[in-house]
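A look at the structure
Take a look at the letters that make up each chain.
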Amino acid sequence: MKSCRLCDSSFIKNWASKDAKTGETLNMALCGGCGLVQQLNLPTDEELRIYYSHNYREDYKSTHQPKAKYVYRAGRAAKDRLRFIERAGVHPQGQRLLDIGAGGGEFCYLAGQAGFAAEGIEPHIGYSEFARDQYSVGIQTCGIADLKDKQADVVTMFHVFEHLANPNEVMKKIWSVLSDDGHLVIEVPNIHQADSSPHNIYFKAHLFYYSRYSLMCAASQYFELVCVEDDHNLFMALRKRTQPLPAKVLPSASQIQITVTRLRDKGWKEYLTKGEGWRKLFIRLGKKFREQSIKSLAPRGILDKVWTTELKPQPLWVPVAAVAGMVAVLQACT
C-alpha cells in the first residue's frame, strides 16, 4: 500500500516488526492523517475468505473446534463484554443482537441468557458448526457481505475488526444492518495499552492496530460515540447516525502524536512496571488452576457455570525468589 487504507493519507513512519506467532517479518506503517497503524502488504479478499473459513482457528488455537479451556475463557470474556454493554446503557429486552465473528457461539449463548435475541455469523466451518451443535444458537457460516439491511438492533464485533481489510466498507455495511438508533459494540486490541508484552503485539492476521482515536475515526462517518474504555483492550459503544456524515472525522495532530509517543515508549521496562507484566505469570497460574475444575464439563455446562458464578480474584502469593528475580529484570531494564 502507498497510502492509508482508512483515510488515504500518507504514512509518516515505516518499520519492520515480527509476527508474534511465526517470527515472520511484517512491514508496518503509521498514517499521518488518522494515526492508524497498519500492515503494508494486505491480503486479497479471496485470500482472507479462504484463510478464515479453513485455517485461522487451526493456526492460532491448533484446533478445528474449541477445547474446554477455550470455551471457559470465551465464557468469562463474554460475561465481561455483557457488563460493558450494560454500562453503555444498551438494554437487552426486545433487542435483536447480531455477533459478527461469533467463534464457537459462547457470547451468543450468554447474550441469550441475558435477554437478547442473539444470533451471529462466523466464517470458520468447524467453530460455527460447534456453536449450533453445542448451544443451539443461530450461528450462520458466512461473512459480512451476506448480511441483510436492518436485521439487528445491536451489532457486536469482538477482536474481529482488526482482521478486516476494508474498514470503511465494514462500517458502511454495519450501518445498513442496524435498525434506526441501533448500536455497534466493538472490541479490538489497543495499540496504546502498556500491558502487552513487547513480543506479543504484532500478528500477521491483525491487519490494523487501533487506538481510541483511529477507531473513532473509522466509525465517525456512520456512528456517534456513546462510551469508550481503553485501560487494556479497547471497548467502544456507538450509536447509528440517522444519516452518514459527508466524510469521516480525522483525529487532531496532537492525538496522532500520542500514538507516535506510545509506539516509542513500548518496551520491557514499561510492560513490567506500568503494565504490571510481572503479575502475568501468577495470573496464568491462577487461570490454569481454575480451568482444571471445568475439564469434565460439557461446553454448555461450562458456560452455565460461568454465568451463575461470581468469579472472585484469587490471592496473589509471590515467592521471595520470584520477587528477587523480578527486581533483577527491572534493574536490567533501567
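Everything here concerns the structure above.
Let me sum up the structure you'll find in this document. If you're wondering where the values come from, they're calculated on a predicted model, not measured in any experiment.

1. Let's talk about the sheet that holds strand β5 (residues 117–121)
If you trace the seven strands from one edge of the open sheet to the other, you get β6-β5-β4-β7-β8-β11-β10, paired in mixed fashion. A single partner strand is all that each edge strand has here, and the edge strands are β6 (138–140) and β10 (223–229). Here the strands of the sheet are splayed against their neighbours by 20° on average, with no regard to which way each runs. In the packing of helix α4 (residues 106–114) onto the sheet, the strands contacted are β4 (96–100), β5, β6 and β7 (152–158), and the crossing angle to β5 comes to about 170°.

2. Some points on helix α8 (residues 253–265)
Since there are 3.6 residues in each turn of an α-helix, residues three or four apart along the chain are aligned in direction. Between its first and last C-alpha atoms α8 spans 19 Å; for 13 residues at 1.5 Å apiece the expected length is 18 Å, and the two agree. Along α8, the residues classified as buried are I256, T259, R262 and L263. With its buried residues spanning 115° around the axis, α8 presents them on a single face. In this structure, α8 carries A253, S254 and R264 as exposed residues pointing more than 90 degrees from its buried face. Along its buried surface, α8 packs onto β1 (11–18), β2 (25–31), β3 (37–39) and α9 (268–272).

3. Points about the nonpolar core
With 49 residues, the main nonpolar core has I100, F161 and F223 as its most contacted residues. Of all the elements in the fold, those that place two or more residues in this core are β2, α1 (45–54), β4, β7, α6 (167–177), β8 (178–188), α7 (212–220) and β11 (234–240). I100 has contacts with I121, I144, L147, V155, T156, M157, F158, V160 and I174, leaving out every residue within four places of it along the chain. Counting 32 residues, the second largest nonpolar core, distinct from the first, contains A78, L97, Y109 and I139.

4. Some details on the pattern of salt bridges
In the structure shown here, the tally under the stated rule is 13 salt bridges. A salt bridge links R212 to D230; the shortest N-O distance between them is 3.4 Å. Here D230 lies in the loop between β10 and β11 and R212 lies in helix α7, a separation of 18 residues in the sequence. Of the residues examined, R212 reaches a relative accessible area of 30% and is grouped as partly exposed.

5. A word on the packing of aromatic side chains
Summed over all chains, the structure comprises 13 aromatic pairs. A ring pair is formed by Y51 and Y56, whose centres lie 6.0 Å apart and whose planes are at 65°; its orientation type is edge-to-face. Exposure remark for Y51: the relative accessible area of 21% places this residue in the partly exposed category. Among the aromatic residues, those joined into a ring-pair cluster are W15, Y202 and Y209. One Lys or Arg, K240, reaches over the ring of W175 and ends 4.5 Å from the middle of that ring.

6. A look at the packing of helix α3 (residues 68–87) against helix α11 (residues 299–308)
Following both chains from N to C, one finds α3 and α11 inclined at 35°, their axes separated by 9 Å at the closest point. In the crossing of α3 with α11, the sense of the turn from one axis to the other is right-handed. Judged by residue contacts, A68, V71, Y72, G75, R76, K79 and L82 of α3 engage P299, I302, L303, V306 and W307 from α11.

7. Regarding the layout of surface pockets
Put simply, the second largest pocket is a space of about 360 Å³. In terms of lining, the second largest pocket is formed by 19 residues, of which the most central are D19, E24, Y51, K204 and A205. Counting only elements with at least two residues in the lining of the second largest pocket, the list comes to β2, α1 and α2 (56–61). Looking at the lining of the second largest pocket, the element that brings in the most residues is α1, giving four residues. A breakdown of the residues in the lining of the second largest pocket according to their chemical character gives eight nonpolar, five polar and six charged.

8. Side note on the environment of V160
Relative to the assigned elements, V160 resides in the loop between β7 and α6. In the structure, V160 is positioned 114 residues away from E46 in sequence and 17 Å away in space, judged by C-alpha atoms. With residues near it in sequence (within four places) discarded, V160 still touches I100, G101 and E187.

9. Here we look at the pairing of β7
β7 sits mainly inside the fold: seven of its seven residues count as buried. The sheet contact formed by β4 and β7 spans four bridges and is parallel. Directly across from I100, in β7, lies its bridge partner M157. Looking at chain direction, β7 and β8 are connected through six bridges and run parallel. When the sheet's bridge partners are listed, T156 is paired in β8 with V185.

The rules behind these values
- Residues numbered from 1 in each chain as written.
- Predicted model: local features only at pLDDT ≥ 70, side-chain atom pairs only at ≥ 80, totals over all residues.
- Heavy atoms only, no water.
- Pairing = 2+ DSSP bridges.
- Helix = DSSP H or I, 4+ residues; strand = E, 2+ residues; numbered from the N terminus.
- Axes fitted to C-alpha atoms, helices over the stretch in contact; angles between N-to-C directions.
- Contact = heavy atoms within 4.5 Å.
- Expected span 1.5 Å × (residues − 1).
- Buried < 20%, exposed > 50% of the residue type's maximum accessible area, 1.4 Å probe, protein only.
- Arc of directions from axis to C-beta.
- Core = buried A, V, L, I, M, F, W, Y, C linked by side-chain atoms within 4.5 Å.
- Salt bridge = Lys/Arg side-chain N within 4 Å of Asp/Glu carboxyl O.
- Phe/Tyr/Trp six-rings, centres within 6.5 Å; stacked < 30°, edge-to-face > 60°.
- Lys NZ or Arg CZ within 6 Å of the ring centre and 35° of its normal.
- Left-handed = near helix turned anticlockwise from the far one by under 90°.
- 1 Å grid on protein atoms, 1.4 Å probe; cavity = no way out; pocket = protein on both sides within 12 Å on 5 of 7 lines; lining within 4 Å.
- Points joined across faces, edges and corners; volume = space filled by probe spheres on them.
- Nonpolar A, V, L, I, M, F, W, Y, C, P; charged D, E, K, R; others polar.

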